[in-house]
Amino acid sequence: MPASQPNQAASDRIHITRPDDWHLHVRDGQALDTVVPHTAAQFARAIIMPNLKPPVTTVEQALDYAARIRAAVPTGNPFTPLMTLYLTDRIAPQEIRRASATRSTGLGDMVVAAKLYPAGATTNSDAGVTDIRLIYPVLEAMQKEGLLLLVHGEVTSPDIDLFDREAVFIDQQLIPLRRDFPELRIVMEHITTKEAAQYIAEAGPHTAATITAHHLLFNRNAIFTGGIRPHYYCLPVLKREVHRQALVAAATSGDPHFFLGTDSAPHPAHLKEHASGCAGCYTAHAALEMYAQAFDETGALDRLEAFASFHGPDFYRLPRNSGSVTLERRAWQAPQAYPFGDAELKPLLGGELLPWKLLDR
Ligand code: DOR
Ligand code: ZN
């Protein structure tokens, strides 16, 4: 780079405070050995989704799961999993109080949130909530204890068009929920529409949203370009370009109610490349690189740090991380596949050139 272009040279490398991933699936068993090191190389902490089979419904299960995740973190890496409970129709308010107690000691692993999956909305959500009113006593306890509610924001009715399910969820479920629990901190996970971005921007201090890298980079054409491409299929599904643009605007706006959550969701390749392929995009291998690309494409790299490293901990009322990571504008190719237990894991954009590269710790 010629010395006469100092600004250009400066933007070829960026340093940001080490970020966190506020929405992540790591599965269990052998899968952990592949995916946990990817996340630990990029992020200091991650909110771990509880949609295992069977789901993580008790504090005891969550803490056992945290120990298995920690066992897959490379030696010397300080990565910390932040645990969540899976809400069912039958979960007791007492479990919320137990979860809350894990935070107050400041020792060991913490359960910081509970996840609302409308029953049948997505992968391993069959045990989810059939009617939000059934869990009102639990939400009351969460509001009181300061445990966050994380929401998969889609209605499940087959009468509602798949592409409309998020917007309908906001009107039918989220707005009444917000009204009934004004102090409950709610994160609408992996938003995908302009309706969601607008709702969050106007919903006040206790409502936030995560945005994935793939929803910032791609619209729904990606699923059908040159044939059906199952690795771009996730839920909520990619939407029209106008929605992608609204998400980019929200993520780069500086509004603290939007923050990074990859929703990286690994599945064995043969179950994605299948007659009824699983929903979920695997992005943990190159998550920050993809976010950097999305922010760079819109000239907003200077907004990446707040979105990736500040807004999440501030909303969760956890300390921001110390230390930093460096991203460099240097094209590289991610592997096409990783071993995944006895199967293969095909990452999003595997084998394709990515313009940004995270430098090693
Ligand atoms: O695409 C998705 N995959 N969306 C979800 O909500 C769940 C996730 C998974 O667990 O595979
Ligand atoms: Zn998810």
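Up top is the structure.
Chains are numbered independently. Their residues run from 1 in the order of the written sequence. Each chain gets a letter, beginning with A, and each ligand a number, beginning with 1, in the order they are written. Note on the predicted model: pLDDT of at least 70 is required for a residue's local features to be given, and 80 or more for side-chain atom pairs to be given and counted; whole-chain, interface and lining totals, by contrast, use all residues. Hydrogens and water are ignored here; the side-chain numbers use all heavy atoms of the structure.

> Report on the packing of helix 7 (residues 194-202) against helix 9 (residues 241-251), specifying residues and quantitative values.
Orientation is described by axes fitted as lines to C-alpha atoms, over the contacting stretch for helices, and by angles from 0 to 180 degrees between their N-to-C directions. For the purposes of this entry, the term helix denotes a DSSP run of H or I that reaches at least four residues, the term strand denotes a run of E that reaches at least two, and both are numbered from the N terminus. Two elements in contact, helix 7 and helix 9, have axes separated by 8 Å at closest approach and are oriented at 25 degrees. When the axis of helix 7 is compared with that of helix 9, the two are roughly parallel. Taken together, the residues of helix 9 that come into contact with helix 7 (itself represented by K194, E195 and A197) are V242, H243, A246 and A250. Each residue gets one of three labels, nonpolar for Ala, Val, Leu, Ile, Met, Phe, Trp, Tyr, Cys and Pro, charged for Asp, Glu, Lys and Arg, and polar for the others, Gly among them. Of the residues that constitute the contact of helix 7 with helix 9, the class distribution is four nonpolar, one polar and two charged. Here roughly perpendicular refers to angles of 65 to 115 degrees, roughly parallel to angles under 35, roughly antiparallel to angles over 145, and oblique to all remaining angles. Pairs of residues are marked as contacts when any of their non-hydrogen atoms sit within 4.5 Å.

> Please set out the sheet that holds strand 1 (residues 13-17) residue by residue, giving values where relevant.
Pairing is antiparallel in the open sheet, where three strands are placed in the order 1-10-13. At either margin of the open sheet sits one strand with a lone partner, and together these are strand 1 and strand 13 (353-358). Each strand of the sheet is rotated relative to its neighbour by a mean of 30 degrees, with strand direction disregarded. Pairing between strands is defined by DSSP: at least two bridges between them are needed. Two elements, strand 10 (residues 324-333) and strand 13, share five bridges in a ladder whose sense is antiparallel. By the bridge assignment for strand 13, E328 is matched with K357. Against the sheet, helix 11 (residues 287-297) touches strand 10 and strand 13, its axis set at about 110 degrees to strand 13.

> Residue-level account of the environment of L235, with values.
Here L235 is to be found in the loop between helix 8 (213-217) and helix 9. With sequence-adjacent residues up to four places away left out, L235 is seen in contact with A121, T122, H152, E154, L162, H190, D263 and A279.

> I'd like a rundown of the site of ligand 1, residues and numbers included.
Proximity criterion: a residue is near a molecule or strand once any of its heavy atoms comes within 4 Å of it. Close to ligand 1 lie 14 residues; R27, N51, T122, L235 and H267 are nearest. N or O atoms closer than or at 3.5 Å make up a polar contact, with two conditions inside protein: a donor-capable atom paired with an acceptor-capable one, and, for residues adjacent in sequence, both atoms drawn from side chains. Within the backbone of L235, a nitrogen or oxygen atom sits 2.7 Å from a nitrogen atom of ligand 1.

> Could you give me a rundown of the sheet that holds strand 9 (residues 258-260), with the residues and numbers involved?
As summarised here, the arrangement of the eight strands in space is 2-3-4-5-6-7-8-9, forming an open sheet in which the pairing is parallel. Among the strands making up the open sheet, the edge pair consists of strand 2 (21-24) and strand 9. Within the sheet, the average angular offset between the axes of one strand and its neighbour, ignoring direction, is 30 degrees. Inspection of the sheet shows strand 8 (residues 207-211) paired to strand 9 by three bridges, in the parallel sense. Residue pairing across strands places T210 opposite F259, the latter belonging to strand 9. In this fold helix 4 (residues 93-104) packs onto strand 4 (80-86) and strand 5 (110-116), with an angle of close to 140 degrees to the strand it touches most, strand 5.

> Describe the coordination of the zinc ion (ligand 2), and please don't skip the residues or the numbers.
Here a donor is an N, O or S atom found within 2.8 Å of the metal, or within 3.2 Å if the metal is Na, K or Ca; sites may look incomplete because water is not among the atoms. Taken together, H23 (NE2), H25 (NE2) and D263 (OD) make up the full set of protein donors to the zinc ion (ligand 2), lying 2.0 to 2.1 Å away. For the zinc ion (ligand 2), the donor residues sit on a single chain with the sequence spacing H-x1-H-x237-D. Of this pair, H23 sits in strand 2 while D263 sits in the loop between strand 9 and helix 10 (269-272), and the two are 240 residues apart along the sequence. Across the pair, D263 and H23 agree in class, each one buried. Throughout, exposure labels follow a simple rule: accessible area from a 1.4 Å probe, protein chains only, divided by the maximum for the residue type, with under 20% read as buried, over 50% as exposed, and the rest as partly exposed.

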